[in-house]
Amino acid sequence: MLWFILRRCGSAVIVLFLSSVLIFLGIRALPGDPATVMAGQEASPAAIEAIRHEFGLDKPLPAQYVDYVVQTVTGNFGRSTQDQLPVIDILAERIPVTLELSALAMLVAIIVGVGAGIVAAVRRGRFADYVATGFGLAGLSVPHFWLGLLGILLFAVTWQVLPASGYVPFTENPGQNLQRMILPALVLGTGFAAILMRQTRSAMLGALSADYVRTARSKGLPEVKVVGAHALRNSLTTVVTVLGLQLGALISGAVVTEQIFVIPGFGKLTVDAVLTRNYPVIQAVVLVTVVGYVVVNLLVDILYAFLNPRIRLSGGGHD
């Protein structure tokens, strides 16, 4: 088990290193001169050269990469070209907003998706199974932006039970915060719930037809215990794997959802930075996103090993 964790950590470090190289080269491959963008089209050549020297853009690429790694490790992402604020402060303000939205959306997805998947597997071939399967197909087919606009039309305009947009920090007013985050979380979590439902149903169907479940039923155990303690427990490895793999879709969906509901989170920051060609912010948000992917997938791998006895005993991995 220890060897498995060390191997996964080593792989994560390699992925982070290669990602840092790609991010560094990708930002510098963007069309246009960053110094000219920062200084403005009307700036003098001397001003542009001063900015190029300030940000180290006049150094060779290997030296720029070393500076980039050193600054990143120390938490120095530079300053935003729009308002000259430290990028680390901007990230610290925006990331908690997206984390809250993602956590609420994941909670919606787990409750709805796993619950519907269990019901669909237990009631296979019955009305509940058809309803859950139809929900899954609808959730996978409907785009987030259309579902968000429909939610605003129904809940904010027609019924007027939820705000259409905006954000209130949880520390200022918890009630207003949750009221404004419910609709975006439902919109973001619906597609994720559909994927979880389908995967949970498939895993539960396999578990319910296994020998150990038939043995548990032959012993006269209650159906609730057979489904919950035996079938569901052995299906959690699939659910956990899907949770980790779909995190990227959750974050990318947050970009669209935050734009629709005007939530000042990490996704909206990314879009605004790209539109204004704010290179320090773009570089920082991409790096933080990559680190988040790697860390979450590492944690999922470790949790998968704890849930799967064969991995604990062999120290192997899964692909």
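Residues numbered from 1 in each chain as written. Predicted model: local features only at pLDDT ≥ 70, side-chain atom pairs only at ≥ 80, totals over all residues. Heavy atoms only, no water.

A. Representation of the overall build of the protein chain. Each helix and strand in the protein chain was counted, giving 14 helices and zero strands. With respect to the principal axes defined by its C-alpha atoms, the protein chain has extents near 85 × 55 × 35 Å. Considering only contacts within the protein chain whose residues lie at least 6 apart along the sequence, 70% involve residues at least 24 apart. Approximately 17,200 Å² of the protein chain is accessible, and the part contributed by carbon and sulfur atoms is 67%. Looking at charge distribution, the protein chain has the averaged site of its 22 positive side-chain charges lying 19 Å from that of its 18 negative ones. (Helix = DSSP H or I, 4+ residues; strand = E, 2+ residues; numbered from the N terminus. Contact = heavy atoms within 4.5 Å. Areas by Shrake-Rupley, 256 points an atom, 1.4 Å probe, with all protein chains shown as cover. Lys, Arg positive; Asp, Glu negative; His and termini not counted. Charge placed at Lys NZ, Arg CZ, Asp CG, Glu CD.)

B. Representation of helix 7 (residues 144-158) in the model. Helix length check: helix 7, at 15 residues, gives a terminal C-alpha distance of 20 Å against a target of 21 Å (1.5 Å per residue), a fit within 8%. Every buried residue of helix 7 is accounted for by Gly148, Gly151, Ile152 and Ala156. Gln160, located one to two residues past helix 7, shows a positive phi value of around 55 degrees. (Expected span 1.5 Å × (residues − 1). Buried < 20%, exposed > 50% of the residue type's maximum accessible area, 1.4 Å probe, protein only.)

C. Highlighting the nonpolar core. Core analysis: the largest hydrophobic core is formed by 36 residues, its most contacted members being Leu101, Leu196 and Phe261. Of all the secondary-structure elements, those providing two or more residues to this core are helix 5 (87-122), helix 7, helix 8 (174-208), helix 9 (211-218), helix 10 (223-245) and helix 11 (247-261). At 12 residues, the largest contribution of residues to this core is made by helix 8. Residues contacting Leu196, with those up to four places away along its chain left out, are Ala109, Ile110, Gly113, Val114, Val239, Val242 and Leu243. (Core = buried A, V, L, I, M, F, W, Y, C linked by side-chain atoms within 4.5 Å.)

D. Local environment of the layout of surface pockets. When its volume is computed, the largest pocket comes out at roughly 560 Å³. Considering the residues around the largest pocket, the lining is formed by 23 residues, among which Arg28, Phe55, Gln71, Phe77 and Gln283 are closest to the centre. At the level of elements, helix 1 (2-28), helix 2 (34-39), helix 3 (45-54), helix 4 (61-73) and helix 13 (279-307) are the ones that each hand at least two residues to the lining of the largest pocket. Here the lining of the largest pocket takes five residues from helix 4, the largest share from any one element. Of the pockets and cavities examined, the second largest pocket occupies roughly 360 Å³. Residue lining of the second largest pocket: 17 residues in total, with Leu99, Ser102, Leu247, Ile251 and Val296 positioned closest to the centre. Mapped by element, the contributors of at least two residues to the lining of the second largest pocket are helix 5, helix 10, helix 11 and helix 13. Element by element, the count of residues in the lining of the second largest pocket is highest for helix 5, at six residues. Among the residues forming the lining of the second largest pocket, the class breakdown is 12 nonpolar, five polar and no charged. (1 Å grid on protein atoms, 1.4 Å probe; cavity = no way out; pocket = protein on both sides within 12 Å on 5 of 7 lines; lining within 4 Å. Points joined across faces, edges and corners; volume = space filled by probe spheres on them. Nonpolar A, V, L, I, M, F, W, Y, C, P; charged D, E, K, R; others polar.)

E. The arrangement of helix 8 in detail. Look at helix 8: only 42 Å from first C-alpha to last across 35 residues, short of the 51 Å you get at 1.5 Å a residue. Thr190 marks where helix 8 bends most, by close to 35 degrees. Between the side-chain oxygen of the N-cap and the backbone nitrogen of Gly175 there are 3.2 Å, and the N-cap of helix 8 in question is Asn173. (Bend = angle between axes of the 7 residues up to and from the residue. Polar contact = N/O pair within 3.5 Å; in protein donor to acceptor, adjacent residues only side chain to side chain.)

F. How the structure looks around the pattern of salt bridges. What the rule picks out here adds up to six salt bridges. Across the salt bridge formed by Lys59 and Asp67, the nearest N and O atoms sit 2.9 Å from each other. You can call Asp67 partly exposed: its relative accessible area is 28%. A salt bridge links Glu223 to Arg217, with the nearest nitrogen and oxygen atoms 2.7 Å apart. Owing to a relative accessible area of 39%, Glu223 belongs among the partly exposed residues under this scheme. (Salt bridge = Lys/Arg side-chain N within 4 Å of Asp/Glu carboxyl O.)

G. View of the environment of His53. As for its position among the elements, His53 is in helix 3. Given the relative accessible area of 56%, His53 is considered exposed. Here the alpha-carbon distance between His53 and Ala35, two residues 18 residues apart in the chain, equals 9.2 Å.

H. The arrangement of the confidence of the model for the protein chain in detail. Within the protein chain, residue pLDDT values average 84, and 94% of them lie at 70 or more. Within the protein chain, helix 5 carries the highest mean pLDDT (91), whereas helix 14 (residues 309-314) carries the lowest (57). (pLDDT = per-residue confidence, 0-100.)

I. Spatial organisation of the packing of helix 5 against helix 10. Between helix 5 and helix 10, whose axes approach to 12 Å, the crossing angle comes to 130 degrees. In this view, helix 5 runs oblique relative to helix 10, as classed from their interaxial angle. Once helix 5 is placed against helix 10, the crossing between them reads as right-handed. For the pair helix 5 and helix 10, the contacting residues are Met106, Ile110, Val114, Ile118 and Val122 in the first and Val227, Leu232, Val239 and Leu243 in the second. When the residues that make up the contact of helix 5 with helix 10 are grouped by side-chain class, the tally is nine nonpolar, no polar and no charged. (Axes fitted to C-alpha atoms, helices over the stretch in contact; angles between N-to-C directions. Parallel < 35°, antiparallel > 145°, perpendicular 65-115°, else oblique. Left-handed = near helix turned anticlockwise from the far one by under 90°.)

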